[in-house]
Amino acid sequence: MRAEDLTLHEIVDFAEGRVSLHGRRLVLQDTYAFALLRKDLINMVGLEQARSLLSRFGHFWGEADAAAMKRIFEWDNLAEWLKAGPRMHALQGLVRPMVKALDFDQSRGFFHMEVVWHDSAEADQHLSELGPADHPVCWVLQGYASGYCSYCLGIPIYFREQRCRGMGDRVCMAVGKDETSWGDEIETCRSRFQTEDIRNKVQTLTVELRQKTQEIKQQRRRLALLEARAGSAFVEVHSDIFARVIELATRVAAYDSSVLITGESGTGKEVIARYIHKHSLHANGPFVAVNCGALPDTLLESELFGHTAGAFTGAVRERVGLFAEAHQGTILLDEIGDISPAMQVKLLRVLQTKEIMRVGDSKTRKVNVRVIAATNRTLAEEVEKGTFREDLLYRLRVIEIEVPPLRDRREDILPLARHFVQQFARRLKKPNLTLDGTCVDYLQAHTWPGNVRELENAIERGAILAHNDRILPEHLPLSIVHRRLQDAPANSLTRTLAEVEHDHIEVILRLTNGNRTRAAGILGISQATLWRKLKRGGGVGG
Ligand code: ZN
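Everything numeric in this text was worked out from a predicted model, so none of it was measured. (Residues numbered from 1 in each chain as written. Predicted model: local features only at pLDDT ≥ 70, side-chain atom pairs only at ≥ 80, totals over all residues. Heavy atoms only, no water.)

Secondary structure assignment for the chain yields 22 helices and 16 strands. Here the C-alpha radius of gyration of the chain, 45 Å, is well above what a compact globule of 542 residues would show, namely 24 Å. The principal-axis extent of the C-alpha atoms belonging to the chain is close to 130 × 75 × 45 Å. Taken over 542 residues, the chain has a buried fraction of 44%. (Helix = DSSP H or I, 4+ residues; strand = E, 2+ residues; numbered from the N terminus. Rg over C-alpha atoms; globule rule 2.2 N^0.38 Å. Buried < 20%, exposed > 50% of the residue type's maximum accessible area, 1.4 Å probe, protein only.)

Right, here's the structure in full:
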């Protein structure tokens, strides 16, 4: 059998509803529908993927035809079987092919074929739907040729179109070669038949997208943190632990939930509360702070909820109360752990109903207030002891922010100290006020039981006492400088008065860097007396 002897009606059975090529079912395809499919594919998966998919489609088709040709006919030789491919192309209406060159050596795995395609249906499809291209477009054809020849030879053969009517050439021309013959171009040839695993790609992209989203979130958080630090309240934050507090405060600010701020006295719970208010939807409303622990029950009730005129002895005029004052804003209930059980019940009712009733009044009034509570107590322990209502705790503690003690955020001590120096420089009108470097160790070593407030007070004292606008260790409270200097003697209970005096003089001299004039001033003695005492004590100091 020779390829040119092939005729369509002899090999294809055109029974109605079941066109077949020797038992293999065929369908007649509409080229317009195919053109639309091609256009859709390009739009959906991109040019590269569409080309790969259609090339593979052609490849499967070519392989199937080669197999059928082998099964049906007894070919004179391999060349005839190979040429039957282009012939089948023609018979199926795809193109009018002319084999220009065919050279192969099966034993060496060598293959070379050149074919000219006239009147390619595929080029027509492309031109009609997508217009002229800047690349060859007969992807199914080159796939078919590749599949057909690969099947015949038993090795991979790749056809590539060199000229194409779809890109303005008069005819299409393709070259087919074995892998070795393609040389450097082999990867490009192969890639034309590889499709990406779309599902895999979607998964990869999803993971990437998730990572990116995460990064963006982190960046937003960092940005919020920077903004927070840039705000005057937190310029001095260097520690991670406090940065996390601000981050949490920033995040909860936007919601109306109740916030419970816990932490030791002086840690700056009110500063955090004000910060939340400033960054909340209530920012334009008032911020009202009340120290619940400082007031007796009856007073606290009228303070919070107001009273009518004559509600009790001394209530001459009516009072609206802090809750009403804080309407559309935020109320900070400080020292919430100190309120009585009776007040706890009243407060719980207000939180539940968002209504207040003035003392001596019988009607309730709606209030829209964000409630922030603060305490230096551990309320969970108070609940266990039965001194604090559990239901109230849950109402107040939707979000809990724990403000760390200053000793746990040592990185912040110096920046805070410098911040306070600036603050008091302005307040005390001492523009040149500075903190002497010799203070640093004392400030760093102190445990700050009174936290930020203690530091602020210490700097205020130093600012007032500062010598020539320079705060020296001797200007700081003795509780700060003494502990560090006196932590040595374990025999302190057995020392004589003279020894204690001597040690104290030594402390003060070290504080003043050996400046006897300043030391004498601090000790409240004359320089001569100091000199005498030093001489007697064996000449301490410089
Ligand atoms: Zn073409």
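Next comes the rest of the account.
You can read the domains of the chain as domain 1 (3–194), domain 2 (240–404) and domain 3 (408–537). Taken over C-alpha atoms, the centre of domain 1 sits 94 Å from the centre of domain 3. (Domains from an automatic or database assignment.)

According to the stated counting rule, one finds 28 salt bridges in the structure shown. Note that Lys39 is salt-bridged to Glu129, the shortest N-O span being 3.8 Å. Highlighted residues: Lys39 in helix α2 (residues 31–72) and Glu129 in helix α4 (residues 121–130), separated in sequence by 90 residues. On the basis of relative accessibility, which here comes to 30%, the residue Lys39 falls in the partly exposed class. Taking relative accessible area as the criterion, Glu129 reaches 21% and is therefore assigned partly exposed. Taking the shortest distance from any N to any O, the salt bridge between Arg251 and Glu247 comes out at 2.9 Å. Pair noted here: Arg251 and Glu247 are both in helix α9 (residues 240–253), with a separation of four residues, about one helical turn. (Salt bridge = Lys/Arg side-chain N within 4 Å of Asp/Glu carboxyl O.)

Moving on, we get to the coordination of the zinc ion. Taken together, Cys138 (SG), Glu161 (OE), Cys164 (SG) and Cys172 (SG) make up the protein donors of the zinc ion, found 1.9 to 2.3 Å from the metal. Here the zinc ion is ringed by four donor atoms whose angles at the metal span 103 to 117°, and the overall shape comes out tetrahedral. All donors of the zinc ion come from a single chain, and their spacing in sequence reads C-x22-E-x2-C-x7-C. Here Cys172 lies in strand β7 (residues 172–178) and Cys138 lies in the loop between α4 and α5 (139–153), a separation of 34 residues in the sequence. Exposure class is identical for Cys138 and Cys172. Each is buried. (Donors = N, O, S within 2.8 Å, 3.2 Å for Na, K, Ca; no water. Tetrahedral: all angles 85-135°; square planar, octahedral: opposite > 155°, others 65-115°.)

All right, on to the environment of Val288 then. Structurally, Val288 is set in strand β9 (residues 287–291). Once residues lying within four places of it in the same chain are set aside, the contact partners of Val288 are Leu322, Glu325, Ala326, Thr330, Ile331 and Leu332. (Contact = heavy atoms within 4.5 Å.)

This brings us to the packing of α2 against α5. Packing of α2 against α5 brings their axes to within 6 Å, and their N-to-C directions diverge by 30°. Judged by the inter-axis angle, α2 sits roughly parallel to α5. Both α2 and α5 take part in a crossing whose hand is right-handed. Per-class residue counts for the contact of α2 with α5 are 16 nonpolar, nine polar and four charged. (Axes fitted to C-alpha atoms, helices over the stretch in contact; angles between N-to-C directions. Parallel < 35°, antiparallel > 145°, perpendicular 65-115°, else oblique. Left-handed = near helix turned anticlockwise from the far one by under 90°. Nonpolar A, V, L, I, M, F, W, Y, C, P; charged D, E, K, R; others polar.)

A separate point is helix α18 (residues 451–465). Here α18 is 15 residues long and its end C-alpha atoms lie 21 Å apart, about the 21 Å a rise of 1.5 Å per residue gives. The set of residues buried in α18 consists of Asn451, Val452, Glu454, Leu455, Ala458, Ile459, Gly462 and Ala463. (Expected span 1.5 Å × (residues − 1).)

So, about the packing of aromatic side chains. Summed over all chains, the structure comprises nine aromatic pairs. A centroid spacing of 5.4 Å and a plane angle of 65° characterise the contact between Phe73 and Trp75, whose relative ring orientation is edge-to-face. As far as burial versus exposure is concerned, Phe73 and Trp75 are alike and both buried. One aromatic cluster is present, formed by Phe34, Phe57, Trp61, Tyr144 and Tyr148 through successive ring pairs. Positioned over the ring face of Trp139 is Arg38, at 4.6 Å from the centre of the ring. (Phe/Tyr/Trp six-rings, centres within 6.5 Å; stacked < 30°, edge-to-face > 60°. Lys NZ or Arg CZ within 6 Å of the ring centre and 35° of its normal.)

For the rest of this paragraph, the subject is the pairing of strand β8 (residues 259–262). Covered by surrounding structure in β8 are Val259 and Ile261 together with Leu260 and Thr262, the residues of both alternating faces. Strand direction decides the pairing type here: β8 and strand β13 (residues 370–375), joined by four bridges, are parallel. Considered in β13, the bridge of Ile261 is made with Ala374. Pairing of β8 with strand β14 (residues 399–402) involves four bridges; the strand directions are parallel. For Leu260, the partnering residue across the bridge sits in β14 and is Glu400. (Pairing = 2+ DSSP bridges.)

Another point: the sheet that holds β14. Backbone-to-backbone hydrogen bonds pair the strands of a sheet. The strands run either parallel or antiparallel. Taken in spatial order, the five strands of this open sheet run β9-β10-β13-β8-β14, and their pairing is parallel. With partners counted over all chains shown, the strands left at the sheet margins are β9 and β14, one partner each. The average angle at which neighbouring strand axes cross in this sheet is 20°, direction not considered.

A few words on the sheet that holds strand β2 (residues 18–21). Here we have three strands laid out as an open sheet, ordered β1-β2-β3, and antiparallel in their pairing. At either margin of the open sheet sits one strand with a lone partner, and together these are β1 (12–15) and β3 (24–25). For β1 and β2, the ladder comprises four bridges, and the chain directions are antiparallel. In the strand pairing of β2, Asp13 is matched with Ser20. Here α2 sits on the sheet in contact with β2 and β3, set at roughly 70° to β2.

We now examine unusual backbone geometry. Positive phi, close to 55°, is recorded for Glu335, a residue that is not glycine. Structurally, the position occupied by Glu335 is in the loop between β10 (330–334) and α13 (341–353). Residue classification places Glu335 among the buried residues on the basis of a relative accessible area of 16%. Positive phi is not limited to glycine here, since Trp448 has a value of about 50°. By secondary structure assignment, the location of Trp448 is in the loop between α17 (440–445) and α18. Overall, Trp448 belongs to the buried group, its relative accessible area being 0%.

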